[in-house]
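# A closer look at the structure
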Amino acid sequence: MANAELGDDVFGEDPTVNRLQDVAAEMLDKEAALFVSSGTMGNLLGLLVNARSGEELIADADSHVFMAEAGGAAAIGGIQIMPVRTEGGIMEPEQIAHAIRPEDQHYPRTAAVTFEDTHNRHGGIAWPLTALRAASDQARSRGIAVHIDGARIFNAAIAIRADVKELAACADTLTFCLSKGLGAPAGSILVGPHAKIAEAKRWRKMLGGGMRQIGVLAAAGLYALDHMVDRLAEDHANARTLAEGLAEIKGIKLELWRVQTNLVTFEINGISIAGFLDECQKRGLRADAGSRTRVRFVTRYGIDAEDVQSALKVVSEVMGAV
Ligand SMILES: *Cc1c(COP(=O)(O)O)cnc(C)c1O
């Protein structure tokens, strides 16, 4: 980051940002990429270029876009969201067909659908490639654009042993985070066709996201793509060990099938989530509430197998005392 070659990215003259965008577009096999401040901004731009004011977007009822992006699609884009309840975040083709509005003056037009992969609130579940293809084909065959919220798309690809390009091929636009598991301090990428990325750039400017010598951050993003992708498998292995250990502890209800990547979510009995997190924190273990009913543990770079054992010891102690 200290040695990054810089220029003014608003003029498209920051060589480090340009390199990052080229590398990202190539890795996902898309025409173009745009460096943005956050996953939230990437998703918002992805929705804004796929749906217009008054149109509708189909999204999972537990998706980040619907639950955790401050209503941006509605506030900024005038886009209405049609939430759909799914099993594990995997939207079935029939559910999409059912959610698409018939042509009728009473209804908003369905313009786009978004899939979240991996699915955060469902516990880091990765879409099977066949399911993602089927859902995407269903939408596209009806003229509906597909945006993938791939905040953790590399975790998803590793979990199903696919090339990330195969996942990206199911989307018109896709966002992924350079932060989170890939370890960069900030930044996300939106990929898609030239025309949509050009349109997204205009929206990014309007939102105040056109930044100048931002190659400082892009350098960290390049490092992340070069060095941090393959090692995500270690986070998955650590999450698996953690989950198997937690499942043995009395008072914890954990469905092991959900643990496919770096997230471990579970319910607890006998203590509130806030109380549980508090007791853990007192003993040096930090986590957060994944939802109102579940605790969410995350494994990441810097957390090793030994840390997993310490975490299990802490949780045993906390749950043993309730
Ligand atoms: C974190 C996250 C985002 C948003 O990313 P930020 O960089 O925090 O804005 C979007 N989607 C999912 C599934 C996420 O987990």
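The model shown is predicted, which means the values in this text are computed figures rather than measured ones.

## A short note on helix α9 (residues 194-206)
For α9, which comprises 13 residues, the first-to-last C-alpha distance of 19 Å matches the rise-based estimate of 18 Å (1.5 Å per residue) to within 8%. Every buried residue belonging to α9 is among Ile197, Ala200, Trp203 and Arg204, and all of these are buried. Angular distribution of buried residues about the axis of α9 spans 115°; they occupy a single face of the element. Exposed and oriented more than 90 degrees from the buried face of α9 are His194, Ala195, Arg202 and Met206.

## Focus on the site of the ligand
Looking at the ligand, there are 13 residues lining it, with Gly39, Thr40, Asp149, Arg152 and Lys180 nearest. Take threonine 40: an N or O atom from its side chain is 2.6 Å from an oxygen atom of the ligand. In this structure, an oxygen atom belonging to the ligand sits 3.3 Å away from a side-chain N or O atom of asparagine 120. When the ligand sits alone it has 370 Å² of accessible area, and the protein chains cover 84% of it. Ranked by residue count, the leading element in the shell around the ligand is helix α2 (residues 39-48), at three residues. Of the residues contributing to the shell around the ligand, the split by class is two nonpolar, six polar and five charged.

## Side note on the nonpolar core
Core analysis: the largest hydrophobic core is formed by 52 residues, its most contacted members being Phe115, Ile148, Phe154, Leu174, Phe176, Ile189 and Leu225. Sequence-distant contacts of phenylalanine 154, defined by excluding residues within four places in its chain, comprise Met27, Leu28, Val164, Phe176, Leu182, Leu225, Val229 and Leu232. Counting 26 residues, the second-largest nonpolar core is a separate cluster that includes Ile249, Ile252, Phe276 and Leu312.

## A short note on a negative patch on the surface
Taken together, the side chains of Asp22, Glu26, Asp29 and Asp163 define an acidic patch exposed on the protein surface. Here aspartate 22 is to be found in helix α1 (residues 15-28). Residue classification places aspartate 22 among the exposed positions, given a relative accessible area of 53%.

## So, the sheet that holds strand β1 (residues 32-36)
The strand order across the open sheet formed by seven strands is β1-β7-β6-β5-β4-β2-β3, and the pairing between neighbours is mixed. Edge positions in the sheet fall to β1 and β3 (80-84), since each of these pairs with one other strand and no more. The sheet shows a mean angle of 20° between the axes of neighbouring strands, taken without regard to direction. When β1 meets strand β7 (residues 188-192), the two strands line up antiparallel, connected through five bridges. Paired with alanine 33 across the strands is valine 191, a residue of β7. Sheet strands in contact with α9 are β1, β5 (145-149), β6 (173-177) and β7, and its direction is about 20° off that of β1.

## Thoughts on the packing of helix α12 (residues 273-282) against helix α13 (residues 305-320)
Put simply, α12 and α13 touch, their axes get as near as 10 Å, and they point 130° apart. Considering their axes alone, α12 and α13 lie oblique with respect to each other. Seen from above, α12 lies across α13 with right-handed handedness. On the side of α12, the interface is formed by Phe276, Glu279 and Cys280, while α13 contributes Val314, Val315, Val318 and Met319.

Definitions and cut-offs
- Residues numbered from 1 in each chain as written.
- Predicted model: local features only at pLDDT ≥ 70, side-chain atom pairs only at ≥ 80, totals over all residues.
- Heavy atoms only, no water.
- Helix = DSSP H or I, 4+ residues; strand = E, 2+ residues; numbered from the N terminus.
- Expected span 1.5 Å × (residues − 1).
- Buried < 20%, exposed > 50% of the residue type's maximum accessible area, 1.4 Å probe, protein only.
- Arc of directions from axis to C-beta.
- Near = heavy atom within 4 Å.
- Polar contact = N/O pair within 3.5 Å; in protein donor to acceptor, adjacent residues only side chain to side chain.
- Areas by Shrake-Rupley, 256 points an atom, 1.4 Å probe, with all protein chains shown as cover.
- Nonpolar A, V, L, I, M, F, W, Y, C, P; charged D, E, K, R; others polar.
- Core = buried A, V, L, I, M, F, W, Y, C linked by side-chain atoms within 4.5 Å.
- Contact = heavy atoms within 4.5 Å.
- Patch = residues over 30% accessible without salt bridge, like charges linked within 9 Å, V, L, I, M, F, W, Y side chains within 5 Å.
- Salt bridge = Lys/Arg side-chain N within 4 Å of Asp/Glu carboxyl O.
- Lys, Arg positive; Asp, Glu negative; His and termini not counted.
- Charge placed at Lys NZ, Arg CZ, Asp CG, Glu CD.
- Pairing = 2+ DSSP bridges.
- Axes fitted to C-alpha atoms, helices over the stretch in contact; angles between N-to-C directions.
- Parallel < 35°, antiparallel > 145°, perpendicular 65-115°, else oblique.
- Left-handed = near helix turned anticlockwise from the far one by under 90°.

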